[in-house]
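Report on the structure
Now for the letters of each chain:
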There are 8 protein chains.
Amino acid sequence: MSYDRLTADNAALLLIDHQTGLSNGVQDQSLPEYMTAVAALVKLAKAYNLPTVITTSAADGPNGPVLPIVTQTLPEAPVVHRPGEINAWHNPEFVDAVRKTGRKKLLLAGVSTEVCVAFAALSAIKEGYDVYAVIDASGTWNKLVQEVAVTRMAQAGVKPITWVAVGAELQGDWRSPTGHALGAVMGEHLPFYGNLIGSYLATKGA
Amino acid sequence: MSYDRLTADNAALLLIDHQTGLSNGVQDQSLPEYMTAVAALVKLAKAYNLPTVITTSAADGPNGPVLPIVTQTLPEAPVVHRPGEINAWHNPEFVDAVRKTGRKKLLLAGVSTEVCVAFAALSAIKEGYDVYAVIDASGTWNKLVQEVAVTRMAQAGVKPITWVAVGAELQGDWRSPTGHALGAVMGEHLPFYGNLIGSYLATKGA
Amino acid sequence: MSYDRLTADNAALLLIDHQTGLSNGVQDQSLPEYMTAVAALVKLAKAYNLPTVITTSAADGPNGPVLPIVTQTLPEAPVVHRPGEINAWHNPEFVDAVRKTGRKKLLLAGVSTEVCVAFAALSAIKEGYDVYAVIDASGTWNKLVQEVAVTRMAQAGVKPITWVAVGAELQGDWRSPTGHALGAVMGEHLPFYGNLIGSYLATKGA
Amino acid sequence: MSYDRLTADNAALLLIDHQTGLSNGVQDQSLPEYMTAVAALVKLAKAYNLPTVITTSAADGPNGPVLPIVTQTLPEAPVVHRPGEINAWHNPEFVDAVRKTGRKKLLLAGVSTEVCVAFAALSAIKEGYDVYAVIDASGTWNKLVQEVAVTRMAQAGVKPITWVAVGAELQGDWRSPTGHALGAVMGEHLPFYGNLIGSYLATKGA
Amino acid sequence: MSYDRLTADNAALLLIDHQTGLSNGVQDQSLPEYMTAVAALVKLAKAYNLPTVITTSAADGPNGPVLPIVTQTLPEAPVVHRPGEINAWHNPEFVDAVRKTGRKKLLLAGVSTEVCVAFAALSAIKEGYDVYAVIDASGTWNKLVQEVAVTRMAQAGVKPITWVAVGAELQGDWRSPTGHALGAVMGEHLPFYGNLIGSYLATKGA
Amino acid sequence: MSYDRLTADNAALLLIDHQTGLSNGVQDQSLPEYMTAVAALVKLAKAYNLPTVITTSAADGPNGPVLPIVTQTLPEAPVVHRPGEINAWHNPEFVDAVRKTGRKKLLLAGVSTEVCVAFAALSAIKEGYDVYAVIDASGTWNKLVQEVAVTRMAQAGVKPITWVAVGAELQGDWRSPTGHALGAVMGEHLPFYGNLIGSYLATKGA
Amino acid sequence: MSYDRLTADNAALLLIDHQTGLSNGVQDQSLPEYMTAVAALVKLAKAYNLPTVITTSAADGPNGPVLPIVTQTLPEAPVVHRPGEINAWHNPEFVDAVRKTGRKKLLLAGVSTEVCVAFAALSAIKEGYDVYAVIDASGTWNKLVQEVAVTRMAQAGVKPITWVAVGAELQGDWRSPTGHALGAVMGEHLPFYGNLIGSYLATKGA
Amino acid sequence: MSYDRLTADNAALLLIDHQTGLSNGVQDQSLPEYMTAVAALVKLAKAYNLPTVITTSAADGPNGPVLPIVTQTLPEAPVVHRPGEINAWHNPEFVDAVRKTGRKKLLLAGVSTEVCVAFAALSAIKEGYDVYAVIDASGTWNKLVQEVAVTRMAQAGVKPITWVAVGAELQGDWRSPTGHALGAVMGEHLPFYGNLIGSYLATKGA
């Protein structure tokens, strides 16, 4: 009686090149929108205890370190520093880490959408994974590049998604124990929702 | 000699979480555009006597009551208050209500497009329904989320549509008895059309 | 201790060529946004009992009758059918009607912004009136024309304004007797506000 | 050695409800862009002698007469006044006229994109035609409706296209006798091209 | 009882560098919008018999000849080919031609807005003319350049305007003999208006 | 040798109706952009120890409580709950609080821009204050309303500004003791800057 | 362990009508964005030694010569001047040149996207090539035409892509010998990246 | 017979914080548009031999070195590294350098528009300079900040301008010796113009 939803038991998160330097190239959304979506996504990973693999390129070079919100929220996630492979799927250590998660549904996000996210997504599709690209927690150079990347990925069977939908699919039912955690992430990173709750509680308490 | 059009006899309408609180989060269209589309869609349901199922989440909590235009226009439609399921299709009472309509074509609209509409749409597709997502009578947090949601749904076979097309398919022929009712809905909610009729009648009467 | 605010005692409303035919040429806002702003403005005139003068051009010709919401809301306002003057201020009957209001603050709105509104506004400024152009309850052919019209009027001392600000200035204090009426107009035509009230009352009543 | 291109011998043009009244509802493009595209498309039909079927709805009512550019350019094209059918394909006279063209490739354009164009396009696809929807020579109420309509049609196998591509496919080779006619249409309706030719000829002649 | 309106007796039109080559650089509006505005403006000059001065730069070089619509509509207007002066006001022949018009109100349009229009406008202001810059019948490289140019000109006292307002001010009263001519220009170049008239006449004649 | 800059000694901050309910009506910017600007502005007030006055309308009604970031960051700022006055300047307690700051430069921000900010700004100008309206830390219903409000305020002498400029003027010189605090606010709320610093420090430390 | 990536050994580049005259018709991106993408793409072809075929239409007529950046960067690439064929695939010399490259993956770019790029792309797909359309290094008349062209091509199996993704796929691994060349292209044509490297090297050297 | 135009003898250029790190924060234009405008402006300074003062903040820190195009084009311009002053006018060395230019017209550009450009512009106005802010060769965080900054500066008497207008004012007459240099800058940085010249020369030479 359901489509095959994302759950805390069947999904893993792959975070590709969310680095401080690269993030300053993001212009397909405003930076506050991109940053809040990335923060929300990693907090979802923590709330649902999703196995997560982080990878970087040139992290001790110009691309900069992983965004602090990522490493601080998910301190135990393995970080694969790729020595040169642009497509993370070409790096055996990364692929091993993905396989060790044991999950067949992969959530991918990163910078840039059409390179780091799309290449890995297309490789994962080819290996039979069920792949989701989290578009608002990813970023790229302008809106046209984003549109083209989504079209290319969707054409190949990658499912485009956004972070609120990821949270809602993982949660499934607000009454599950993680409901409070989801509410907290939404309250902070979907400001409308935080305001809504704030007003409600104030009225309720009055 | 026709494609398989929506008719008053083969379609049902599912309205998911069109609540006052959630509606204030809609930013993929202007609020006047969203509100007028929702009002139009429920009036179409009334004009064509479409079996309709309304559902809510946290309606006595922050998400607020169903928009008055919905309940006032369709006072007899069952309202399923989901105690926690995010995907309405996970709620047996809702699914029962859908089945009781006896219709195989389902029109879905709600807030938010990528969660409440998309999840139920994907579930309904999986069960073999012919599913239409009414995008302008739905709403979500920003334009990017809307675009991604439409792409994901279309990829899975959900047909995206907008309210004027719903009315026109249901009507089929302006000479059918419901033609006047359709004209009234369009006259009020597609303001261009109301103005057009107003000018015409004035000239005609002169 | 205040700037010289608009009040129910010092302001009059001039509605210029809000006709069905002309309104279909409005493309500087979406039509639902324009129509809801016009409706709101005339309801404010009623709520605050503002002396109002309505004028038309070619109303029994292609430009069409005055929008029904205008005449139905303000049935007693005089309607000056200009036989040919493009600038309403060139029509003596119109100017007389304005003078009879006895007000020195004039709120103007109409179609199109850069012709019907701007010409009358510039004439009124020249005669020493304090002139406000209500931009969202006016309309024109595209955004560029609107921008240019606002710049030209502001350059001449016309104050650009929008309908919510008109209502708020007229009201001054929510505790004045008209507060309920203002709330009703805002609840219907600023949909966010109607939703906010709806949620609040539901919570309060729970 | 070619894809199956549109030619003057395999294509017919169907013009659906390009009427003066309906055209004023077009807001997915600026009106000058829409009008120039419609004019260009009908001139292409004339230049390539494409069998053309024109149809209207309520042409002696509010929807108004066919745009003069259409009937003046293609005075011999049959005009089917539909007494009520919204989907032109539901009108037997229209379908007969289409069949009499003997063409299997159908170019459709009209107002509105998601109703008049999409419904007939979907019906024609179902009957086995190769269907092209000319999006810029069609129009609808806003950009969202256009996007949704294109997605729905493309999902069903309708090929979206724009008028310059129609002309270029029909022409195939600039050296064919119709090349001059195509140049004239592009020179007038793709203003960049007219300017380009104007500059070239002036320089050449200097 | 009027502001100091533009009339057929007090205004002259200055057309600066509306050349085929330069026009292809216009990107602050769509080209169809720009071209139709230029055409409309020169037809207004003809309809109201405005003294007009045309000037060019490098017209037998890359900038190309004057747009045909300009010279064909106003064949008797003097054309000053500036040998090098960027600001037309620096060319004595041009200034003489302007002075010979005997008018104190100058309507300027051209390409590009921030150079050819703005420089001459600022010079004319300095000499005491009452200067109007017709922004939609002018064009430039992108929207930002347009915005900056309008701000700079308005700051110096130049009045920004658009072509429909020019026509309406010149006409003053629809009953004046030129009313039919204005209607013809608007019917062709403000397509909404042409459609409106077309619908009206059809209904009237029915 | 300087213009008359904002300093920690000459400026006060007035925060008007930054409430949870009202904030959900903000659509002239994305909500993440608005929320991050408000947060930044209040942190600046704290960093520079600016005397601050907070005011609300209907805070125990539908408009909701003050945004938590405001009260948590500035717990000692007086909060004037206006019983009904729309223009905060009409409330004597508010005006007293402003006067007690002893400052002649007033920074205003709030919701909505054209009502709560503009009315108080215009009143303050009238009383001789030097008034700055912080546009990005304010919000309103749509972009048009914002544009009109900025034009009206600028016309009256109010200086429009944005939060980064406020911080930079207050700081004056990065070497002043508050430099670190400003860096912290910018690092968090102007994400580009935080990323820039993050990359720099990583490289420096490598 | 990879999807079937573009490599220097399996891909060829086809540049269709990147001519000076036609390029001035590009309005789906800003001209600086289009020009920098074209320059980047040809530099990638040089860096990866991709077999390249250039073709033109009316190059000694109004369409103008090939952009200098193209011929200067790839002086040895064959240039096929088509005497009239609009679809380059209809020109046997062009097709021969493509075949001689021996590559099965074809990267296409040109002006205009919906004609020159799309027609050749559809023909190549039909012959079994794996076809990529480089959308940002192509250009057309407006955004709508671009969107429609991408949809039509994607529907037929053409993969839309953008230049940075082309470079990244070709490179595969930054450690390959061409890494420095890719960095140089990105540094110049993706300005963000050049700035990032500039900052990094400066800090590193400090 | 002229307004007081910018000339090579009366103007100086002040470049404020055009640094690699800060430039990556520019989001009010696309980066290619910003970068090409900056390059054009410094080449104009060279072509007209304008006295130029460059200044930086934290250039050996996170803000990065001056853009190479600036220092390479103007290697002899003094560079004032401000140790902490945000407003360059607060730095005596900078002000001295400005004074030594002996010019009363100052062209300012930099990052960010509302801080580095606006503060110095307002200070310079206060000291009696005639100040121009080159908006497209400046950059800031988003479009709203740009709009607010332009309004604030214009309100204070600063003249907003863009780089093509700067070049055209400086040149005055194309026949002056610098005409070739201006053509070269425009040919490269206003791509439309380069294309126009390229087509012209090719035709001319044919």
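Definitions and cut-offs
- Residues numbered from 1 in each chain as written.
- Chains lettered and ligands numbered in written order.
- Predicted model: local features only at pLDDT ≥ 70, side-chain atom pairs only at ≥ 80, totals over all residues.
- Heavy atoms only, no water.
- Helix = DSSP H or I, 4+ residues; strand = E, 2+ residues; numbered from the N terminus.
- Rg over C-alpha atoms; globule rule 2.2 N^0.38 Å.
- Buried < 20%, exposed > 50% of the residue type's maximum accessible area, 1.4 Å probe, protein only.
- Contact = heavy atoms within 4.5 Å.
- Areas by Shrake-Rupley, 256 points an atom, 1.4 Å probe, with all protein chains shown as cover.
- Lys, Arg positive; Asp, Glu negative; His and termini not counted.
- Charge placed at Lys NZ, Arg CZ, Asp CG, Glu CD.
- Buried area = accessible area lost by both parts, 1.4 Å probe.
- Salt bridge = Lys/Arg side-chain N within 4 Å of Asp/Glu carboxyl O.
- Polar contact = N/O pair within 3.5 Å; in protein donor to acceptor, adjacent residues only side chain to side chain.
- Nonpolar A, V, L, I, M, F, W, Y, C, P; charged D, E, K, R; others polar.
- Least-squares fit on C-alpha atoms with pLDDT ≥ 70 in both.
- Phe/Tyr/Trp six-rings, centres within 6.5 Å; stacked < 30°, edge-to-face > 60°.
- Lys NZ or Arg CZ within 6 Å of the ring centre and 35° of its normal.
- Expected span 1.5 Å × (residues − 1).
- UniProt positions renumbered as here; feature names shortened; annotations may be inferred.
- Pairing = 2+ DSSP bridges.
- Axes fitted to C-alpha atoms, helices over the stretch in contact; angles between N-to-C directions.
- Parallel < 35°, antiparallel > 145°, perpendicular 65-115°, else oblique.
- Left-handed = near helix turned anticlockwise from the far one by under 90°.

Describing the overall build of chain A
- Broken down by element type, chain A carries 9 helices and 6 strands.
- Its C-alpha radius of gyration of 17 Å places chain A within 12% of the 17 Å reference for a compact globule of 206 residues.
- Taken over 206 residues, chain A has a buried fraction of 69%.
- Here the analysis covers contacts within chain A between residues at least 6 apart in sequence; of these, 80% occur between residues at least 24 apart.
- Accessible surface, chain A as shown: approximately 6100 Å² in total, 55% of it carbon and sulfur.
- Between the centroid of the 15 positive side chains of chain A and the centroid of its 18 negative side chains there is a distance of 6 Å.

What to know about the interface of chain C and chain F
- Taken together, the contacts link 35 residues of chain C with 32 residues of chain F.
- Both sides of the chain C and chain F interface together cover about 2700 Å² of buried area, and 66% of this is carbon and sulfur.
- Summed over the shared surface of chain C and chain F, the result is 3 salt bridges.
- Between E147(F) and K143(C) there is a salt bridge, with the nearest N and O atoms lying 2.8 Å from each other.
- Remark: the boundary between chain C and chain F carries 8 residue pairs in polar contact (both at pLDDT 80 or more).
- Among the elements of the structure, α6 (143-155), β6 (159-161), α7 (163-171) and α9 (191-205) of chain C are those that each provide at least two residues to the side of chain C that touches chain F.
- Counted by class, the side of chain C that touches chain F contains 19 nonpolar, 7 polar and 9 charged residues.

Thoughts on the relation of the copies chain H and chain E
- Rotating chain H by 90 degrees and moving it 0.0 Å along the rotation axis overlays it on chain E with an RMSD of 0.0 Å. Such a combination of turn and shift is consistent with a four-fold rotation axis.

Side note on the packing of aromatic side chains
- Across all of its chains, the model carries 32 aromatic pairs over all chains by this definition.
- With a centroid separation of 6.4 Å and 15 degrees between ring planes, the pair formed by W174(G) and Y193(G) is classed as stacked. Placement of W174(G) in the loop between α7 (163-171) and α8 (179-189) and of Y193(G) in helix α9 (residues 191-205) is noted, with a sequence separation of 19 residues between them.
- We note K104(A) situated over the ring of Y129(A); from NZ or CZ to the ring centre the distance is 4.3 Å.

Some points on unusual backbone geometry
All names here are of chain A.
- Omega for the bond connecting V111 with S112 falls within 30 degrees of zero, at 5 degrees, which places this linkage in the cis form.
- In this fold, S112 is placed in the loop between β4 (105-110) and α5 (113-126).
- The phi dihedral of A58 falls on the positive side, at around 50 degrees, and the residue is not glycine.

Some words on the pattern of salt bridges
- If you walk through the whole model with that rule in mind, you get 80 salt bridges over all chains.
- Across the pair E127(H) and R99(H) runs a salt bridge, and its minimum N-O distance is 2.9 Å. Residue E127(H) is located in the loop between α5 (113-126) and β5 (130-134), and its partner R99(H) is located in helix α4 (residues 92-101); the two are separated by 28 residues in the primary sequence.
- When salt bridges that share partners are traced, they join D4(A), K105(A), D130(A) and K159(A) into one network.

Things to note about the interface of chain H and chain E
- Counting residues at the interface gives 35 residues for chain H, matched by 32 residues for chain E.
- Counting each side, the surface lost to burial between chain H and chain E is near 2700 Å², with a carbon and sulfur contribution of 66%.
- Run the count over chain H and chain E and you get 3 salt bridges.
- Counting across the chain H and chain E interface gives 7 residue pairs in polar contact (both at pLDDT 80 or more).
- Put simply, the parts of the chain that give the side of chain H that touches chain E at least two residues each are α6 (143-155), β6 (159-161), α7 (163-171) and α9 (191-205) of chain H.

Let's talk about the side chain of D136(C)
- Mapping D136(C) onto the fold places it in the loop between β5 (130-134) and α6.
- The buried charged residue D136(C) lacks any salt bridge, with K143(C) as its nearest oppositely charged partner at 11 Å.
- Polar side-chain contacts of D136(C) include one of 3.0 Å to the backbone nitrogen of W163(C).
- Excluding residues within four positions of it along the chain, D136(C) makes contact with Q29(C), Y34(C), A37(C), I161(C), T162(C), W163(C), L144(F) and V145(F).

Points about α5(H)
- The terminal C-alpha atoms of α5(H), which comprises 14 residues, lie 18 Å apart, in line with the 20 Å expected from a rise of 1.5 Å per residue.
- Restricting attention to buried positions, one finds in α5(H) the residues T113(H), E114(H), V115(H), C116(H), V117(H), A118(H), F119(H), A120(H), A121(H), L122(H), S123(H) and A124(H).
- At its buried positions, α5(H) is contacted by α7 (163-171) of chain F together with β1 (11-16), β4 (105-110), β5 and α6 of chain H.
- Downstream of α5(H) by a residue or two, G128(H) has a phi angle that is positive, lying close to 95 degrees.

Topic: the UniProt feature "domain: Isochorismatase-like" (unreviewed entry) in chain A
- Under the local residue numbering, the UniProt record ascribes the feature "domain: Isochorismatase-like" (unreviewed entry) to residues 11-163 of chain A.
- Within the segment residues 11-163 of chain A, helix and strand shares are 42% and 20% respectively, and the terminal C-alpha atoms sit 14 Å apart.

Side note on the sheet that holds β6(C)
Residues and elements named next belong to chain C.
- Read across the sheet, 6 strands follow the order β3-β2-β1-β4-β5-β6 without closing on themselves; strand pairing throughout is parallel. Where the open sheet ends on each side, the last strands, each with one partner, are β3 (79-82) and β6. In this sheet, neighbouring strand axes are inclined to one another by 25 degrees on average, regardless of whether the strands run parallel or antiparallel.
- Pairing analysis gives 6 bridges linking strand β1 (residues 11-16) to strand β4 (residues 105-110), with the strands arranged parallel. Counted as the bridge partner of L14 is L108 from β4.
- Sitting on the sheet, α7 touches β4, β5 and β6, and the angle it makes with β6 is about 100 degrees.

A few points about the arrangement of the chains
- Here chain A and chain E are not in contact; the least distance found between their C-alpha atoms is 17 Å.
- One thing to see here is that chain D and chain F don't touch, and their nearest C-alpha atoms sit 18 Å from each other.

So, the pairing of strand β1 (residues 11-16) of chain G
Residues and elements named next belong to chain G.
- Burial within β1 is extensive, with 6 of its 6 residues counted as buried.
- Residues A11, L13 and L15 point to one face of β1 and A12, L14 and I16 to the other, with burial holding for every one of them.
- The pairing of β1 with strand β2 (residues 52-57) spans 4 bridges and is classified as parallel. If you follow L15 over to β2, its bridge partner there is I54.

What to know about the environment of A181(A)
- As for its placement among the helices and strands, A181(A) is situated in helix α8 (residues 179-189).
- Each C-alpha atom of the pair A181(A) and V66(A) lies 24 Å from the other, and the pair is 115 residues apart in sequence.

Some remarks on the packing of helix α6 (residues 143-155) of chain F against α6(H)
- Running from amino to carboxyl end, α6(F) crosses α6(H) at an angle of 20 degrees, the nearest separation of the two axes being 11 Å. Here α6(H) runs roughly parallel to α6(F), going by the angle between their axes. Crossing hand, α6(F) versus α6(H): right-handed. Residues K143(F), Q146(F), V150(F) and A154(F) of α6(F) touch α6(H), and the partners they reach there are L144(H), E147(H), T151(H) and Q155(H).
- Partitioning the contact of α6(F) with α6(H) into residue classes produces 3 nonpolar, 3 polar and 2 charged.

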